[in-house]
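Remarks on the overall topology
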Amino acid sequence: MRILKLVFVIFFCATAAAPFISSKLAANAKKEIVPLPAQDPSQFVGNSSCAECHAEQVARLAPTAHHKAKADKASASAQSCESCHGGAKVHLEFHLTAQKLIKEGKDAEAEALQNDETKAKNASMIAFDKLTATQINASCMQCHSQMKEHAVWRGNKHEKAKLSCLDCHSMHHSPAAPTADSKLFATAQAEGKLLKRRTEADTCFQCHGDVRKAQFQRSTHLFRNENREHQLSCSSCHEAHGSIGEKLMRTGSINETCYQCHTEKRGPFLYEHSPVRESCANCHKSHGSNNTALLNARAPMLCQQCHIQGRHQTVAGYSNSAFTMNRSCSTCHAAVHGSNHPSGINLQR
Amino acid sequence: MKITQMMKPSFYVLLLIVFTCSVAAPAQPPTDGTSASAVSSKNGEATEKEKKEEKTTDKNTATPGQDKTTITSQTKFTFELGGQFTNVTGVRPSRYEEFRQVREGFLFRRFRIVANPEDSPTFFKLIGRGPSELDQRYLLDFGRYGRFRTTVEYSGLPHLYSAGSRSLFGSSTPGVLTIPDQIQQTLQNTASADLPTAVRSFVSSAPLVSLRVKRQTLKAEQRINLTDHWSVHLRYLNQRKFGSKPLGTGTYERVGTANGDTFRVLAIELPEQVNYRHNQFTAGTTYAREKWAINFDYTYSKFDNRISSLTFDNPFRATDLQATGSGGVFDRGAFSRGIFALAPDNESNSFLISGFIDLPNDARWASAVGWSFWRQNDSFVPYTMNSAIVATGLPTGTSVTDTKALPRPSLEGAVDIFTQDHVFTTPLGKHWTANLHYRTYLNENKTHEILFPGYAAYGESYWRTNISGKPIENEPLTFRRQTASAEAIWNISKPLDWSFDYKWEGWNRRHRQVGRTNEYTFGTELSYRHSNALSGKVDYHYSDRTPQVYDPGVLEYKLLRMFDQTKRLRHNANVQWQYHFSPEFGLAGTFGYRSDDFDQNFFGLSKYVQGGGSVDLLYTGMENTTLYANYSRDRYSSTLQQISKTAVPFDLNNRWNRDERDIVDSVGTGVTTYLAKEKLFLDLHYAFAFGNTRLSTVNPGTPLANSVINAKAFPFPDAKTRFHEVNLDLSYQFSPNVALGVRYLYEPYRLNDYAWDGLSPYPMDAFPAEQDGRRFLLLDSRYSGHNANTIGIYLRFSR
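Numbers given for residues are sequential positions, taken from 1 along each chain in its written order. Working convention: letters from A go to chains and numbers from 1 go to ligands, in the order in which they are written. In view of the model being predicted, local features appear only for residues whose pLDDT reaches at least 70, and side-chain atom pairs are presented and counted only at 80 or more, with totals across whole chains, interfaces and linings using the full set of residues. Calculation of side-chain values draws on the structure's entire complement of heavy atoms; hydrogens and water are dropped beforehand.

Some words on the overall build of chain A
Along the backbone of chain A there are 15 helices and two strands. To measure how exposed things are, a 1.4 Å probe is used in the Shrake-Rupley method; for residues, cover is taken only from the protein chains shown. Carbon and sulfur atoms provide 60% of the accessible area of chain A, an area that totals close to 14,200 Å². Comment: elements are numbered from the N terminus, with helices defined as DSSP H or I runs of at least four residues and strands as E runs of at least two.

With respect to the overall build of chain B
Looking only at helices and strands, chain B features seven helices and 36 strands. Only heavy atoms matter for contacts: two residues are in contact if any of them lie within 4.5 Å across the pair. For chain B, the proportion of contacts with a sequence separation of at least 24, taken over those separated by at least 6, is 67%. Summing over all exposed atoms, chain B offers an accessible surface of approximately 34,300 Å²; the carbon and sulfur share of this is 59%.

Quick notes on the interface of chain B and chain A
Contact with chain B, which involves 260 residues of that partner, is made by 153 residues of chain A. In this assembly, chain B packs against chain A so that about 17,900 Å² is buried in total across both faces, 54% of it on carbon and sulfur atoms. One speaks of a salt bridge when a side-chain nitrogen belonging to Lys or Arg is within 4 Å of a carboxyl oxygen belonging to Asp or Glu. Along the contact surface separating chain B from chain A lie 19 salt bridges. Put simply, glutamate 229 of chain A and arginine 129 of chain B hold a salt bridge, and the shortest N to O gap is 3.3 Å. Within 3.5 Å is the distance limit for a polar contact, defined as a pair of N or O atoms, with the added protein rule that one can donate a hydrogen and the other accept it, and that residues adjacent in sequence qualify only through two side-chain atoms. Viewed at the interface, chain A and chain B are joined by 64 residue pairs in polar contact (both at pLDDT 80 or more). Accessible area that two parts lose when put together, with a 1.4 Å probe and added across both, is what the buried area reports.

A short note on the pattern of salt bridges
A complete count under the given rule lists 63 salt bridges over all chains for this structure. For glutamate 272 of chain A, the salt bridge goes to arginine 277 of chain A, with nearest N and O atoms at 2.7 Å. An identical accessibility class is assigned to glutamate 272 of chain A and arginine 277 of chain A; each is buried. A salt bridge links aspartate 729 of chain B to arginine 743 of chain B, with the nearest nitrogen and oxygen atoms 3.8 Å apart. Only protein chains enter the accessibility calculation, which uses a 1.4 Å probe; a residue whose area is less than 20% of its type maximum is buried, one above 50% is exposed, and one in between is partly exposed.

Considering the side chain of arginine 224 of chain A
Along the chain, arginine 224 of chain A falls in the loop between β1 (219–220) and α13 (254–259). Given a relative accessible area of 11%, arginine 224 of chain A falls into the buried group. Here the side chain of arginine 224 of chain A touches glutamate 725 of chain B through a polar contact of 2.6 Å, side chain to side chain. Setting aside anything within four residues of it in sequence, one finds arginine 224 of chain A in contact with Gln215, Phe216, Glu229 and His230 of chain A together with Arg100, Phe723 and Glu725 of chain B.

Overview of the packing of aromatic side chains
Pairing of aromatic rings covers Phe, Tyr and Trp, the last counted by its six-membered ring, and requires centre-to-centre distances within 6.5 Å; plane angles under 30 degrees mean stacked, over 60 mean edge-to-face, and any other angle means tilted. Here the structure, examined in full by the defined rule, presents 42 aromatic pairs over all chains. Where phenylalanine 216 of chain A meets phenylalanine 723 of chain B, the ring centres are 5.7 Å apart and the plane angle is 25°; that geometry is what we call stacked. Of this pair, phenylalanine 216 of chain A sits in the loop between α12 (200–205) and β1 while phenylalanine 723 of chain B sits in strand β33 (residues 719–733), on two different chains. The pair phenylalanine 216 of chain A / phenylalanine 723 of chain B is uniform in exposure class, with both members buried. Centroid distance tryptophan 365 of chain B to phenylalanine 424 of chain B: 5.8 Å. Interplanar angle 45°. Geometry classified as tilted. On the criterion of sequence distance, the pair formed by tryptophan 365 of chain B in strand β15 (residues 363–376) and phenylalanine 424 of chain B in strand β16 (residues 413–428) is long-range, its members being 59 residues apart. Classification of tryptophan 365 of chain B as partly exposed rests on a relative accessible area of 38%. What links up through ring pairs into an aromatic cluster is the set Tyr271 of chain A together with Tyr383, Phe452 and Trp463 of chain B. Think of it as a cone above the ring: NZ of Lys or CZ of Arg counts as a charge over the ring if it is within 6 Å of the ring centre and within 35 degrees of the ring normal. Above the face of the phenylalanine 356 of chain B ring, arginine 364 of chain B is positioned so that its terminal group lies 3.8 Å from the ring centre.

A word on the sheet that holds strand β18 (residues 451–452) of chain B
Residues and elements named next belong to chain B. One open sheet accounts for three strands, arranged β18-β22-β21; its pairing is antiparallel. In this open sheet, the two edge strands, each paired with only one partner strand, are β18 and β21 (466–467). Strand pairing is assigned whenever DSSP identifies at least 2 bridges connecting the two strands. Examined bridge by bridge, β18 and strand β22 (residues 470–473) share two bridges and lie antiparallel to one another. What sits directly across from leucine 451, in β22, is glutamate 473.

Observations regarding unusual backbone geometry
For the peptide bond that leads from glycine 267 of chain A to proline 268 of chain A, omega is 5°, which places it in the cis range. Assignment of secondary structure puts proline 268 of chain A in the loop between α13 and α14 (274–278). The residue after alanine 299 of chain A, namely proline 300 of chain A, is reached through a cis peptide bond having omega 10°. Within the secondary structure, proline 300 of chain A is located in the loop between β2 (288–289) and α15 (301–304). Despite not being glycine, serine 132 of chain B shows a phi value in the positive range, around 75°. For serine 132 of chain B, the position within the fold is in the loop between β3 (122–129) and β4 (137–144).

Here we look at the packing of helix α7 (residues 89–103) of chain A against helix α8 (residues 107–115) of chain A
Residues and elements named next belong to chain A. Contact geometry for α7 and α8: axes closest at 7 Å, N-to-C directions at 160°. Classed by the angle they form, the pair α7 and α8 counts as roughly antiparallel. The crossing of α7 and α8 is left-handed. Residues Phe94, Thr97, Ala98, Leu101 and Ile102 of α7 pack against Asp107, Glu109, Ala110, Leu113 and Gln114 of α8. Of the residues contributing to the contact of α7 with α8, the split by class is six nonpolar, two polar and two charged. Simply put, an axis is a line fit to the C-alpha atoms, just over the touching stretch for a helix, and the angle between two N-to-C directions goes from 0 to 180 degrees. Every angle not falling under 35 degrees, over 145, or within 65 to 115 is termed oblique; those three ranges are roughly parallel, roughly antiparallel and roughly perpendicular. Less than a right angle of anticlockwise turn of the near helix away from the far helix marks a crossing as left-handed, whereas a clockwise turn marks it as right-handed. Only Asp, Glu, Lys and Arg are considered charged, only Ala, Val, Leu, Ile, Met, Phe, Trp, Tyr, Cys and Pro nonpolar, and every remaining residue, Gly among them, polar.

Here's the deal with the sheet that holds strand β13 (residues 337–341) of chain B
Across a sheet, strands are paired by hydrogen bonds formed along the backbone, either parallel or antiparallel in direction. All names here are of chain B. With mixed pairing, the four strands of this open sheet are ordered in space as β6-β7-β12-β13. Across the chains shown, the open sheet's two edge strands, defined by having one partner strand only, are β6 (170–173) and β13. Ignoring which end each strand starts from, the neighbouring axes of this sheet average 25° apart. The sheet contact formed by β6 and strand β7 (residues 176–178) spans two bridges and is antiparallel.

Quick word on the environment of leucine 61 of chain A
Residues and elements named next belong to chain A. As for its placement among the helices and strands, leucine 61 is situated in helix α4 (residues 55–61). The class of leucine 61 is buried, set by a relative accessible area of 6%. Leucine 61 sits 112 residues away from histidine 173 along the chain, and the two C-alpha atoms are 8.7 Å apart.

With respect to the pairing of strand β12 (residues 309–313) of chain B
Residue and element names in this part refer to chain B. Most of β12 sits inside the fold, with four of its five residues counted as buried. When β7 meets β12, the two strands line up parallel, connected through two bridges. Looking at the pairing, valine 176 lines up with threonine 311 of β12. Across five bridges, β12 lies against β13 in antiparallel orientation. Across the sheet, the residue bridging to leucine 310 is phenylalanine 340, located in β13.

Thoughts on the confidence of the model for chain A
Residue and element names in this part refer to chain A. Of the residues in chain A, 80% reach a pLDDT of 70 or more, and the chain-wide mean stands at 81. Confidence scores differ between elements of chain A, with helix α2 (residues 23–33) showing the lowest mean pLDDT of 41 and α14 the highest of 96. The low-confidence segment residues 18–35, where pLDDT is below 50, has 22 contacts with residues more than four positions distant or belonging to other chains. For every residue, the pLDDT score states the predictor's confidence, bounded by 0 at the bottom and 100 at the top.

Here's the deal with the nonpolar core
For soluble globular proteins, nonpolar side chains are generally found buried alongside one another. Among the buried residues, those of types Ala, Val, Leu, Ile, Met, Phe, Trp, Tyr and Cys that are joined through side-chain atoms within 4.5 Å form a nonpolar core. Residues Ile308 of chain A together with Val265, Tyr557 and Phe776 of chain B are the most contacted members of the largest nonpolar core, which totals 40 residues. For this core, the secondary-structure elements that each account for two or more residues are β10 (260–288), β29 (604–620), β30 (626–643), β32 (680–698), β34 (738–752) and α7 (754–757) of chain B. Judged by nonpolar contacts, the second largest core, of 25 residues, contains Val199, Leu247, Phe312 and Phe316 of chain B.

Focus: a nonpolar patch on the surface
A contiguous nonpolar surface patch, about 1,000 Å² in accessible area, is contributed by Ile492, Trp498, Leu526, Tyr528, Leu534, Val538, Val575, Trp577, Tyr579, Phe581, Phe591 and Tyr593 of chain B. Looking at the nonpolar patch, the elements with two or more residues in it are β25 (516–530), β26 (534–547), β27 (568–580) and β28 (585–598) of chain B. Each patch is built from salt-bridge-free residues with over 30% relative accessible area, joining like charges within 9 Å and nonpolar side chains (Val, Leu, Ile, Met, Phe, Trp, Tyr) within 5 Å.

A look at the pairing of β16 of chain B
Residue and element names in this part refer to chain B. Within β16, 15 of the 16 residues are buried, which leaves it mostly tucked inside the rest of the structure. The pairing of β16 with strand β17 (residues 432–445) spans 14 bridges and is antiparallel. Bridge pairing links histidine 422 to tyrosine 438 in β17. Two successive antiparallel strands, β16 and β17, enclose a turn made up of three residues, where glycine 429 displays a positive phi of approximately 75°.

Overview of the confidence of the model for chain B
Residues and elements named next belong to chain B. In the predicted model, chain B carries a mean pLDDT of 88, and 89% of its residues have values of at least 70. Within chain B, the element-level pLDDT minimum falls on helix α2 (residues 33–42), averaging 35, and the maximum on β18, averaging 98. Residue range residues 1–12 is modelled with pLDDT below 50. Its contacts to residues more than four positions away, or to other chains, number six contacts. Confidence over residues 18–69 falls short of pLDDT 50; this stretch has 78 contacts with residues more than four positions distant or in other chains.

Observations concerning helix α4 (residues 181–189) of chain B
Residues and elements named next belong to chain B. If you check which residues of α4 are buried, you get Ile183, Gln184 and Leu187. For α4, the angular spread of buried residues about the axis comes to 100°, placing them on one side. Residues of α4 that are exposed and point more than 90 degrees away from the buried face comprise Asp181 and Asn189. Residues of α4 that are buried make contact with α5 (195–204) and β12. Arc definition: directions from the helix axis to the C-beta atoms.

As structure tokens, then:
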């Protein structure tokens, strides 16, 4: 154990000190991280020019925040398409020239122009399917860095998994976008978030497929109505962009997240059940469970993981025993989350 | 009356829609520069002049306050109205509507009103689903991008515990459950042998009740950007929870028999009345620049329980009686009226300051520091309402049923929470990145430790002054959890990363078995991401948690070790991958394994293993066509080492070990597509889930003769759930504005659970012969399997 501690301290100190003694190396890294071309207003041509060739994409973008926000903004972000894809002046000139040549019957010259790799490269726009996750995120952060949740994006699990904004959001093809066919009726949670999937849960299930089964389990937090729409969304508890809590919880602890809806369990109580106060997850599976009330194990086995003493709960028992049937231990110990009764020391009142 | 009540919400919703429609009625034909240019582009190349004009238009629309299109000019409406019929069969089919309401008859299924003019930064939408149903939901969202946004959301969520329960209790005053005196007197005066007949007679004529809690949540949020860098946000949350749910109370008596000790069990299940309010208000402000930002939030939260205590009649006693104690006659649970302290009112004030700063060399420091102050000072209820109890140590002139007999009138509960979270992330050269993370969560319970002279034990019928020699005193738990981690990520090549991390987690606790634990975790992860075609990761973590000293105390068996504090070795491995054969066709999978080994030299939970995997296949082909299939399996297993108490406590011959294994398999598949050129729309899904819990128990030794009779291991049947769901939505678009659709939902559900299958309001016949359950009266709150068919037809109007 001492060796483990020593390794930890050395590792921690070395990591902390490293940036200060290798500033040159770090400076090189900076160039790697933000490779997007600088926004040059002199290169902007406006959305209407883009729409001449990319009508569908522009039309899809038009009703979304990414187009509409331009009306209130100046400079780069006022350009809509070019805010993300870069100034299109060279791109436009290149393709107009090529089209003009074709119109004039100069096909060979047009072909030569299009095959000129240098010119074609200079005329190319920023294509997001060619960018790394870091590059994509840097582009989005030009406008979205002001959201407080994004402050802790760096260093969180989703960033580490090299996720980009476009893994969950789609600027042009979101089924939950305001342009979407109303038959699909994106759920309220997905509204306005330009998610890649119809619902927030479906978006998260892309990677967290193991959670999907929870919605069909005997007890679940992924409540659905008869139209398969969720009553609670993942973002009711988690903040996917980063948070100060563990497991990307919206609050500082698991319990405080649960108290958002189960405030009656916040207390403090006269008699508390210590493991309950420390973490609801000691007894509950938050997404779904084969047992009632999202319990980790069936009662009385759940309680027997921590309790032996007493003249009744220590038995192996049988399936039709009064201690096993109905709500098992909590048939009598109903105040397992805490009791404020002067006679509630055994959490029975 | 009932219909009128049901119609009320619908009426208000319709009123709101009419109002919205009138406000959002078209004032002028839509003008859309972008769309117009898109159309013109179809006719060929635009001239330079046209382009200049269009650019001018763009510039004009970019000027605030000069929008050519207004919020009212592009309003779109969609309504779905229809009818629905449901047929549910099954003995106790309440699970079908456990967390929803499937309404029958006329149905206002959903609506959507959206005004979203393309060249205006303003937007408005009002969305609703299931108006007048218990699970109705509305969203009102409007604002001006970049300036302000107002969101109001209302939702209802029912929780149906059971329909078809039986209860002898009635209530004319909130918080007071009564039983007719005649029933109490009859059951008190009936000889034990005749009690079952008498109870059954009363129960059979008791009314059927539904136990359901409804939750209604209203959220309102306002965000305003005061400047390009400075914003404020306000949030208000109001939750109401009301209805009734089951609440148990009971005790037991141990009885010696020739075949070993057994129990008399006494229990009463009550329909607890629920009436909660929770109000929460948050105000915050954020100031953000390119390289740094700071945020401040204040949150006030108030929980109000309008029924702070529950008094209830004991069906088996009309007069109070004191039990004779553990060595005497078996007469526990002998109160005529009992009292429960329900969840007390509480409030909290929270402050959070967070922010980040970008440092030189592309490093970033982000921190959050928060304080919360939780307070609770509800008046205590008396020790008991059983006036026959002779209590000792009470102040002179007070009785056990008097709150003046208590050492304090209320708890004055105070918990202070302090959290801090710091993240430092920086590149280390061209190929390395480092993340450092430190977090503290301090829960400091400043509540008074109150020494009580005793408490009303054994079903509020006997004054007990200590438990195993320990005085009756509360022990406010205080704990501090700290984690510090360091992570280095090596970018081996553009798509490939290899990371190493080390984490320390320390707990300090007061009033628990272990004062301090340290856990060290070492892990590594290999992740690969090649554009969007192939990505995956493999990780492994090993943890070692060690308690400094384990003090079992006097209340628990000295060889028991609680799993959340004891020595633990953890292995945790995960695999995750995604592969896109083409932009349309993708395959993804996950696999996870976690094993916790606790100190197997002791009793309690000794091993926990969790494993599972999933495979997902997704095809998103032509416009609006999606096809998916997925399968997942999860397996949980735990092993307990236990021991039964004997007359000479805890002889090792009375050991018993139990394995519990949980498996859940689920399959889902579905298709969403147009069958005939934007006319016939199909949305079809199927899901299946199978859950199975298996228990196996063994006695490593031979239980002693003077043990409790069920110290021996008996077989348990498997507990199984089977769930199928077929969900079909087929609609035909007759015209651009009108569609006719059919919906069908088929849901068979099977439940085999020994804990519920033999249950009834008076379940003594289900108990083994040697277990005396003559005074065991429940609500029979449960559900069983069902077969449900719901078919509906709807008309959709849109404009």
